[in-house]
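# Observations on the three-dimensional arrangement
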Amino acid sequence: LILMLSSFGTYISIEHRIQFGTVLMALCTCFISLIPYICDANKWRMTALLCSAGVFMGFLSAVLSTSLLSYASVLSTSLSDDDDDNAYLITAVSGQSFAGILSSVIRITNKAVFEADERGTKWSGLSCLVMTAVIQLLAAVLFTLSHRSQFVQHHLFKYYAWRHSKFIFQS
């Protein structure tokens, strides 16, 4: 994570940052769901682990968000002059908005299904985090498949050709 945020992180491709970050986010989400079972009754240890995991996930979320917007910007750069230059950026922001709505729907569904006692709250939290981890892993797989698609490869080729020609003419 530190490598992704440092100046060395610019040498890591956007695709790898998104893939690695999404899988790492899913693993951290699974770890968070296990914290109440690891700490038993020790509230201070559980609070410290949850706060640490929250800070780590915040940094990871920042890396993922900036990588996603960078990737959308790369795809938007390859559009022709008559197309909307911000189409992919708008779609990326809309996707992040949809993720917020989806997480709310998952949480509301869990609250409705499980009882409001201590056991129901633990199972509700566990199922919410497991569903979130599954969605994150699915997102990583779908990103990998879409990145390999002919459509994305065509736009990436146009972007790299544009960037290379811009570099040649500036030197």
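Values in this document were obtained by computation on a predicted structure and should not be read as measured data.

From N to C terminus, the chain includes six helices and zero strands. Secondary structure elements of the chain occur, N-terminal to C-terminal, as α-α-α-α-α-α. Across the 171 residues in the chain, those meeting the buried criterion constitute 29%. Residue pairs at least 24 apart in sequence account for 62% of intrachain contacts in the chain once pairs closer than 6 positions are excluded. For the chain, the accessible surface area stands at approximately 11,200 Å², while carbon and sulfur atoms represent 69% of it.

As a volume, the largest pocket reaches approximately 1,200 Å³. In terms of lining, the largest pocket is formed by 32 residues, of which the most central are Leu68, Gly95, Gln96, Ala99 and Ala139. Within the residue set of the lining of the largest pocket, elements represented by two or more residues are α2 (14–39), α3 (43–77), α4 (87–113), α5 (118–147) and α6 (150–170). With ten residues, the top contributor of residues to the lining of the largest pocket is α4.

Before going further, it helps to spend a moment on the packing of α4 against α5. At a minimum axis distance of 9 Å, the contact between α4 and α5 shows a crossing angle of 150°. Put simply, α4 runs roughly antiparallel to α5. For α4 against α5, the interelement crossing comes out right-handed. Side by side, α4 and α5 meet where Leu102, Ile106, Arg107, Asn110 and Lys111 of the first sit next to Ser124, Gly125, Ser127, Cys128, Met131 and Ile135 of the second.

Position of alanine 87 among the secondary structure elements: in helix α4. Judged by relative accessible area, alanine 87 falls into the partly exposed class, the value being 29%. The sequence separation of alanine 87 and alanine 72 amounts to 15 residues, and the corresponding C-alpha distance is 8.6 Å.

Taking 1.5 Å of rise per residue, 35 residues should cover 51 Å, and α3 covers 50 Å from first to last C-alpha, within 8% of that figure. Every buried residue belonging to α3 is among Met46, Ala53, Met57, Leu60, Val63, Leu64, Ser67, Tyr71, Ala72, Val74, Leu75 and Ser76, and all of these are buried.

Here the focus is the environment of threonine 109. Assignment of secondary structure puts threonine 109 in helix α4. A relative accessible area of 41% places threonine 109 in the partly exposed class. In sequence terms threonine 109 and cysteine 128 are 19 residues apart; their C-alpha atoms lie 9.0 Å from each other.

A separate point is the nonpolar core. Of all hydrophobic cores here, the largest spans eleven residues; its members are Leu24, Met25, Cys28, Ile32, Ile35, Cys39, Met46, Ala53, Met57, Leu60 and Leu64. Within the residue set of this core, elements represented by two or more residues are α2 and α3. The element that contributes the greatest number of residues to this core is α2, accounting for six residues. With residues near it in sequence (within four places) discarded, isoleucine 35 still touches Met46, Leu49 and Leu50. Listed in part, the nine residues of the second largest apolar core include Tyr71, Phe143, Val152 and Leu156.

Quick look at the side chain of threonine 29 now. You can see threonine 29 is positioned in helix α2. Residues contacting threonine 29, with those up to four places away along its chain left out, are Met57, Leu129, Thr132, Ala133 and Gln136.

As a further point, take the confidence of the model for the chain. Mean pLDDT over the chain: 79, with 82% of residues reaching 70 or higher. Ranking the elements of the chain by mean pLDDT puts helix α1 (residues 2–5) last, at 54, and α5 first, at 86.

Rules behind the numbers
Residues numbered from 1 in each chain as written. Predicted model: local features only at pLDDT ≥ 70, side-chain atom pairs only at ≥ 80, totals over all residues. Heavy atoms only, no water. Helix = DSSP H or I, 4+ residues; strand = E, 2+ residues; numbered from the N terminus. Buried < 20%, exposed > 50% of the residue type's maximum accessible area, 1.4 Å probe, protein only. Contact = heavy atoms within 4.5 Å. Areas by Shrake-Rupley, 256 points an atom, 1.4 Å probe, with all protein chains shown as cover. 1 Å grid on protein atoms, 1.4 Å probe; cavity = no way out; pocket = protein on both sides within 12 Å on 5 of 7 lines; lining within 4 Å. Points joined across faces, edges and corners; volume = space filled by probe spheres on them. Axes fitted to C-alpha atoms, helices over the stretch in contact; angles between N-to-C directions. Parallel < 35°, antiparallel > 145°, perpendicular 65-115°, else oblique. Left-handed = near helix turned anticlockwise from the far one by under 90°. Expected span 1.5 Å × (residues − 1). Core = buried A, V, L, I, M, F, W, Y, C linked by side-chain atoms within 4.5 Å. pLDDT = per-residue confidence, 0-100.

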